[in-house]
Amino acid sequence: MTRLTPLRRDQLDDEQAAVWDGLIESRGGDVELQAPDGSLVGPFNAFVHQPKIGKRLLSMGGLVRFRTTIERRLSEVAICR
């Protein structure tokens with residue numbers, strides 16, 4: 001059970017839709033980010049509820065995952081922590 005209302009892409013304003021699209025694009029169009037009802041799973045639904053914060057978290061995630069000098073294996077350990 002979630003405390004936030006699950007949002008689908010067709011329910012979003014322009015700012016929220018931009019965060020949604022960024023999430024999907026950053027994961028290569030991964031449909032596993034979406035629940036059967038079309039909403040986002042995990043913490044990603046919260047990103048679109050608060051798009052100003054979600055945009056920054058999306059950017060930070062990209063930096064941590066792809067633009068670091070730490071080797072990939074150690075980077076994954078840091079992300080999991």
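Here the structure is a predicted model, which means the values were calculated and not measured.

What counts and what doesn't
- Residues numbered from 1 in each chain as written.
- Predicted model: local features only at pLDDT ≥ 70, side-chain atom pairs only at ≥ 80, totals over all residues.
- Heavy atoms only, no water.
- Helix = DSSP H or I, 4+ residues; strand = E, 2+ residues; numbered from the N terminus.
- Contact = heavy atoms within 4.5 Å.
- Areas by Shrake-Rupley, 256 points an atom, 1.4 Å probe, with all protein chains shown as cover.
- Lys, Arg positive; Asp, Glu negative; His and termini not counted.
- Charge placed at Lys NZ, Arg CZ, Asp CG, Glu CD.

## Focus on the overall build of the protein chain
Regarding its fold elements, the protein chain presents 4 helices and 0 strands. The helix and strand sequence of the protein chain, counted from the amino end, reads α-α-α-α. With respect to the three principal axes, the spread of C-alpha positions in the protein chain is 40 × 25 × 25 Å. The long-range share in the protein chain, meaning contacts at least 24 apart out of those at least 6 apart in sequence, stands at 50%. Counting every atom, the protein chain has about 6,000 Å² of accessible surface; 56% of that belongs to carbon and sulfur. Within the protein chain, the 11 negative side-chain charges are centred at a point lying 8 Å from the centre of the 12 positive side-chain charges.

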